[in-house]
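Here is how the chains run, residue by residue.
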Amino acid sequence: MDSLGFLVYPFIGCVLLILIHAYFGVHILERGIIFVDLCMAQFIALGVSVSLYMGDGESDRNLYAFVFALIGAGILSLTRKVSRFINVEAFIGVLYVFSLAASILFLDRSPHGLEELKNILNGNIIWLTPKDVLKAALLYAGIGAFHFVFRKRFFALTYQGAGGVLWEFLFFFSFALVLVSSVQMAGILQVFSFLVIPALMGRLYTRRPVPILVLGWIIGILASVFGILVSFRLDLPTAPFIVASLSLCFFALLVVRTVTAGKPERA
């Protein structure tokens, strides 16, 4: 019973992360910019690394993360224009390696830099507090409501390429705000897996956004619960175990889908 009480907040945290990231995953996969999450998360981590180098406190760290999220959203909102000259994934890759390299350089000059880099990658999902969960829930609910109100514009932006730079910026900035919270909660590794894998599993069977979301949410939540319970019982790192569990679910479904044949349902 004590263990269940201890794990309830990681459970809730994973559910919140799955709900919001699977939604953005539908957009990201349809756009074909798979690694934008890693790129944006690492760019935000660069802001955190700069803050650590400066020796600032937690409030200043959040401010740096917010500022870098704003800058990153501004850069990524230009991807459609950049795509006329170079491959977008290549552009995102260069931005990612720059952010990672710069983060390492700043953390190398920071006390406990290696440990901080490990925390940024793995997060601390198992140690979530009620305050952490409440803050994330309020933020995700606000962003979810914003996207629901303007869902026609955002889906037209993704599926039809209809919309200007302003709506591109609003999409990436709202996504970046989610990442500011989720990277600190779960780390880059788990956040990337929650963005891509649940939506990818849904796309094995349909191309319609709502069924993709429902399938991704159900399977993602079940895999996360399994990952948390088993990692806790075996005393294993939680985030990597959840990622491995989610990945194995995807591989299993892919095998089943391949064997049963047929093409995924089209919208």
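Everything quoted here is computed from the prediction, not taken from an experiment.

**Remarks on the nonpolar core**
Residues Phe24, Val36 and Tyr140 are the most contacted members of the largest nonpolar core, which totals 74 residues. Counting residues per element, this core draws most heavily on helix 9 (residues 165-203), at 21 residues. Other than its neighbours up to four places away in sequence, Tyr140 contacts Leu16, Leu17, Ile20, Val178, Ser181, Ser182 and Met185.

**Digging into a nonpolar patch on the surface**
Side chains of Leu63, Phe66, Val67, Leu70 and Ile71 sit close together on the surface and give an oily, nonpolar patch of about 390 Å² of accessible area. Inspection of the secondary structure puts Leu70 in helix 3 (residues 58-76). Its relative accessible area of 36% is what places Leu70 among the partly exposed residues.

**Brief notes about helix 7 (residues 130-149)**
The end-to-end C-alpha distance of helix 7, which contains 20 residues, comes to 28 Å, matching closely the 28 Å that a straight helix rising 1.5 Å per residue would cover. Of the positions making up helix 7, those classed as buried are Val133, Ala136, Tyr140, Ile143 and His147. Down the axis of helix 7, the buried set is contained in an arc of 110 degrees. They therefore lie on one face. Counted as exposed and oriented over 90 degrees from the buried face of helix 7: Lys131, Leu134, Leu138 and Val149.

**As for the packing of aromatic side chains**
Overall, the coordinates contain 18 aromatic pairs when judged by the stated rule. Ring plane angle 70 degrees and centroid distance 5.2 Å describe the contact between Tyr23 and Phe24, whose orientation is recorded as edge-to-face. Accessibility classification places Tyr23 together with Phe24 in one group, the buried group. Measuring from centroid to centroid gives 5.0 Å for Phe24 and Phe175, while their planes differ by 35 degrees, and the two rings are tilted. With a gap of 151 residues between them, Phe24 in helix 1 (residues 2-31) and Phe175 in helix 9 connect regions that are remote in the sequence. Taken as a pair, Phe24 and Phe175 share a single burial class, namely buried.

**Let's talk about the pattern of salt bridges**
Counted by the stated rule, this structure contains 2 salt bridges. Of the charged contacts, one joins Glu30 and Arg203 as a salt bridge, the two residues approaching to 3.2 Å between their closest N and O atoms. In this pair, Glu30 sits in helix 1 while Arg203 sits in helix 9, placing the two residues 173 residues apart along the sequence. Arg31 is the partner of Glu168 in a salt bridge, and the nearest nitrogen-oxygen pair spans 3.0 Å.

**Considering the confidence of the model for the protein**
Mean pLDDT over the protein: 84, with 90% of residues reaching 70 or higher. No element of the protein has a lower mean pLDDT than helix 6 (residues 113-122), which averages 66, and none a higher one than helix 7, which averages 93.

**Topic: the layout of surface pockets**
Taken as a whole, the second largest pocket encloses approximately 280 Å³ of empty space. Residue lining of the second largest pocket: 13 residues in total, with Leu19, Ile20, Tyr23, Gly144 and Trp217 positioned closest to the centre. Listed by contribution, the elements that provide at least two residues to the lining of the second largest pocket are helix 1, helix 7 and helix 8 (151-159). Broken down by element, the residue count for the lining of the second largest pocket peaks at 6 residues, all from helix 7.

Calculation rules
Residues numbered from 1 in each chain as written. Predicted model: local features only at pLDDT ≥ 70, side-chain atom pairs only at ≥ 80, totals over all residues. Heavy atoms only, no water. Core = buried A, V, L, I, M, F, W, Y, C linked by side-chain atoms within 4.5 Å. Buried < 20%, exposed > 50% of the residue type's maximum accessible area, 1.4 Å probe, protein only. Helix = DSSP H or I, 4+ residues; strand = E, 2+ residues; numbered from the N terminus. Contact = heavy atoms within 4.5 Å. Patch = residues over 30% accessible without salt bridge, like charges linked within 9 Å, V, L, I, M, F, W, Y side chains within 5 Å. Areas by Shrake-Rupley, 256 points an atom, 1.4 Å probe, with all protein chains shown as cover. Salt bridge = Lys/Arg side-chain N within 4 Å of Asp/Glu carboxyl O. Expected span 1.5 Å × (residues − 1). Arc of directions from axis to C-beta. Phe/Tyr/Trp six-rings, centres within 6.5 Å; stacked < 30°, edge-to-face > 60°. pLDDT = per-residue confidence, 0-100. 1 Å grid on protein atoms, 1.4 Å probe; cavity = no way out; pocket = protein on both sides within 12 Å on 5 of 7 lines; lining within 4 Å. Points joined across faces, edges and corners; volume = space filled by probe spheres on them.

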